[in-house]
Amino acid sequence: MQCECVWLHNGASCDGSHATQGGPNVSVNVRTARLRQRVRRQIKAVRTREPVATAHDAIGPQPPDDATVNFVLDVSLRLGEVQMSSGAGASDVTATIIALTTALGLPQCEVDVIFTSITVTCHRGTTMAPVTALRVVRSRSLDYTRLTAAEILVHKIVRGNIDAKAAHLELQAMTSAPHPYPRWVATLAWGGLAAFITMILGGGFDIAIVAMVISAVVDRVGRRLNRYQLPFFYQQIVGGLVATLSAMAVVSSNLLTTDKPTLLVAAAITVLLSGLSTVSAVQDAITGYNVTAAGRIVETILMSAGLIAGVVLALKIAVLLGLPRTPLPEVVGTTPQRLPLIVLGSIGAAACFALASYSTFRGMAVAGAAGGIGGAVYGGLMLTDIGAVGASAFAAALVGFCGGVLARRLKVTPLVVAVSGITPLLPGLSTYRGLYQLGVERSGDISTIMSAIGIGLALAAGVVLGEFLAQPVRTGLGRLERKLSGPRMAGPLEPADRRLD
């Protein structure tokens, strides 16, 4: 029988001579030795183990003091407000705020962007309560110069070229500065937009001049109503009413010697449709910000409903007053001879919209080029059997692609190029034809108005797709494609995966 005991005192090996002596004592010694070895192993394991954190030990990021946290959150929220009020998408605003807070020393922040407010929460570990800041987006105005300046400031902060205090001073000067151009310049630009739209639709010089005057009058009336804080829904009603009645009055006075007088209303409707946030709504829906997308879509539908109500009301008034009904013009087919005229009109319309939105002269030039590209592609595709919806989608995708690739290199926000570039392609004539059929004719055909809605959605979705396709080309070898979850039309090129909606 082999002995398995362990001598505790001298460590000598056992010869087995005691295997038959003191049986119970031998078993006790073996058990005691094994127990002591086990205790030694446990003590050694405890000594080499990492210390356990107590309730007073800090875990997680250690941000600066309270004053610095509040200051950084205020700067980030105000820059996000500038973007949101200018029509930037929720994903752009989220990426901007996350990049700003990270660059300014707040390593872990959560951003919640909805249509009317922005909320940012800074987590400060386990020993300090989080800090939450909220900013409400109260006003919305198209000022692309301010949007471009805000994006330049964001890039300065992200690259470390400016600290939080200097950024706050620059932001204060930016937001308090007036528009770069007088208001009458914007009015002339809206009129120029209507004039170029009539050129695209096949109107003559006389129609372009009258359309310019009518759109300028509508803009001044809207400006006057805005001083009384009249909701934009009613401003759209008044705009559609004034534009349609003015066109009817011009037609009844025989001032124009043309067979296409209703192009006046179509041009005015295009101007009123151009300010809607359709592109941002589609971008938010595609990138997963469904709450914000729903808010933008409701606003777009409400503004369109106001325009519809104004146009239909004007048509009813014209029938009651016995004004001569103007026949609906047939859509002018695209021919190779008219293609240069369409391109020229698209360039002018896009540049005028950028000017009316207070863009810089560089932004106007880039927007005009984008409009020309979109008009050329749309006109070329209309020579085939692809249809208006398909041609609009392809043209808008190319506009978004070109804007995404070239805009930031030229220090222009891609949103400016995208929205301005698709403005000449808005379905103003189709919208008026559909409203005329619903409001005047007894047939009540809704196919035309549904076609106009389809064109509008195709334009918005196409330009967002073009911006998305431009990301790997812009950054090289698809590096950004692995990082981003959606297209970026404003703000830094950073991922926005930490978001709430």
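Residues numbered from 1 in each chain as written. Predicted model: local features only at pLDDT ≥ 70, side-chain atom pairs only at ≥ 80, totals over all residues. Heavy atoms only, no water.

### Quick look at the overall build of the chain
Thinking step 1. Regarding its fold elements, the chain presents 17 helices and 4 strands.
Thinking step 2. For the chain, buried positions account for 48% of its 501 residues.
Thinking step 3. For the chain, the share of sequence-separated contacts (at least 6 apart) that also reach a separation of at least 24 residues comes to 73%. (Helix = DSSP H or I, 4+ residues; strand = E, 2+ residues; numbered from the N terminus. Buried < 20%, exposed > 50% of the residue type's maximum accessible area, 1.4 Å probe, protein only. Contact = heavy atoms within 4.5 Å.)

### Some details on the side chain of D219
Thinking step 1. Within the secondary structure, D219 is located in helix α7 (residues 205-227).
Thinking step 2. Of note is the side chain of D219, whose polar atom sits 3.3 Å from the side chain of R183.
Thinking step 3. Apart from residues no more than four positions distant in its own chain, D219 is found in contact with R183, T187 and W190. (Polar contact = N/O pair within 3.5 Å; in protein donor to acceptor, adjacent residues only side chain to side chain.)

### Digging into unusual backbone geometry
Thinking step 1. Residues other than glycine seldom take positive phi values, yet Q229 does so here, at roughly 55°.
Thinking step 2. With respect to the helices and strands, Q229 occurs in the loop between α7 and α8 (232-252).
Thinking step 3. Judged by relative accessible area, Q229 falls into the exposed class, the value being 70%.
Thinking step 4. The backbone of Y358 sits at a positive phi, close to 60°, despite the residue not being glycine.

### Structural notes on a nonpolar patch on the surface
Thinking step 1. A cluster of nonpolar side chains, contributed by L438, I446, M450, I453 and L457, occupies part of the molecular surface with about 460 Å² of accessible area.
Thinking step 2. Top element by residues in the nonpolar patch is helix α17 (residues 447-475). It accounts for 3 residues. (Patch = residues over 30% accessible without salt bridge, like charges linked within 9 Å, V, L, I, M, F, W, Y side chains within 5 Å. Areas by Shrake-Rupley, 256 points an atom, 1.4 Å probe, with all protein chains shown as cover. Salt bridge = Lys/Arg side-chain N within 4 Å of Asp/Glu carboxyl O.)

### Quick notes on the environment of A95
Thinking step 1. Assignment of secondary structure puts A95 in helix α3 (residues 90-103).
Thinking step 2. Taking the C-alpha atoms as reference points, A95 and G80, separated by 15 residues in sequence, lie 9.5 Å from one another.

### Notes on helix α13 (residues 361-382)
Thinking step 1. Here α13 is 22 residues long and its end C-alpha atoms lie 31 Å apart, about the 32 Å a rise of 1.5 Å per residue gives.
Thinking step 2. Buried residues of α13: G363, M364, V366, A367, G368, A370, G371, G372, G374, G375, Y378 and G379, and no others.
Thinking step 3. Elements in contact with the buried residues of α13: α12 (339-356), α14 (388-406) and α15 (414-422). (Expected span 1.5 Å × (residues − 1).)

### A look at the nonpolar core
Thinking step 1. Counting residues in hydrophobic clusters, the biggest one holds 110 residues, and the most contacted among them are L79 and I118.
Thinking step 2. The residue makeup of this core includes at least three contributed by each of domain 1 (66-176) and domain 2 (183-482).
Thinking step 3. Residues within four places of L79 in sequence aside, it is in contact with L100, A150, L153, V154, I157 and L171. (Core = buried A, V, L, I, M, F, W, Y, C linked by side-chain atoms within 4.5 Å. Domains from an automatic or database assignment.)

### Digging into the packing of α13 against α15
Each packed pair of helices is defined by two parameters, the angle between the axes and the distance between the axes.
Thinking step 1. Following both chains from N to C, one finds α13 and α15 inclined at 45°, their axes separated by 8 Å at the closest point. It follows that α13 is oblique to α15 by the angle criterion. By crossing handedness, the relation of α13 to α15 is classed as right-handed. Contact with α13, carried on its side by V366, A367, A370 and G371, involves V417, S420 and G421 of α15 and no other residues of that element. (Axes fitted to C-alpha atoms, helices over the stretch in contact; angles between N-to-C directions. Parallel < 35°, antiparallel > 145°, perpendicular 65-115°, else oblique. Left-handed = near helix turned anticlockwise from the far one by under 90°.)

### What to know about α3
Thinking step 1. In a regular helix each residue adds 1.5 Å, so 14 residues correspond to 20 Å; α3 covers 20 Å between its end C-alpha atoms and thus fits that length.
Thinking step 2. Along α3, the positions that sit buried rather than exposed are A90, S91, D92, V93, T94, A95, T96, I97, I98, A99, L100 and T101.
Thinking step 3. Two residues or fewer past α3, G105 is found with a positive phi of approximately 100°.

### Re the packing of α7 against helix α9 (residues 263-274)
Thinking step 1. Across the interface, α7 lies against α9 with an axial gap of 9 Å and an inter-helix angle of 45°. As the angle between them shows, α7 and α9 are arranged oblique. When the axes of α7 and α9 are compared, the crossing they make is right-handed. Judged by residue contacts, I207, V210, A211, I214, S215 and V218 of α7 engage L263, L264, A267, A268, V271 and L272 from α9.

### Details of the environment of T335
Thinking step 1. Looking at where T335 falls in the secondary structure, it is placed in the loop between α11 (290-320) and α12.
Thinking step 2. Each C-alpha atom of the pair T335 and L383 lies 6.6 Å from the other, and the pair is 48 residues apart in sequence.

### Some remarks on the side chain of T413
Thinking step 1. Positionally, T413 belongs in the loop between α14 and α15.
Thinking step 2. Separated by 3.0 Å, the side chains of T413 and E151 make a polar contact.

### Structural notes on the pattern of salt bridges
Thinking step 1. Under the counting rule described, the total for this entry stands at 5 salt bridges.
Thinking step 2. A salt bridge links R146 to D143; the nearest nitrogen and oxygen atoms lie 3.8 Å apart.
Thinking step 3. Here R146 falls in the partly exposed class, since its relative accessible area comes to 21%.
Thinking step 4. The buried category is assigned to D143, whose relative accessible area is 3%.
Thinking step 5. Two residues, K156 and E170, come together in a salt bridge whose shortest N-O distance is 3.6 Å. In this pair, K156 is assigned in helix α4 (residues 144-158) and E170 in helix α5 (residues 164-176), connecting sequence segments 14 residues apart.
Thinking step 6. For K156, a relative accessible area of 32% puts it in the partly exposed group.

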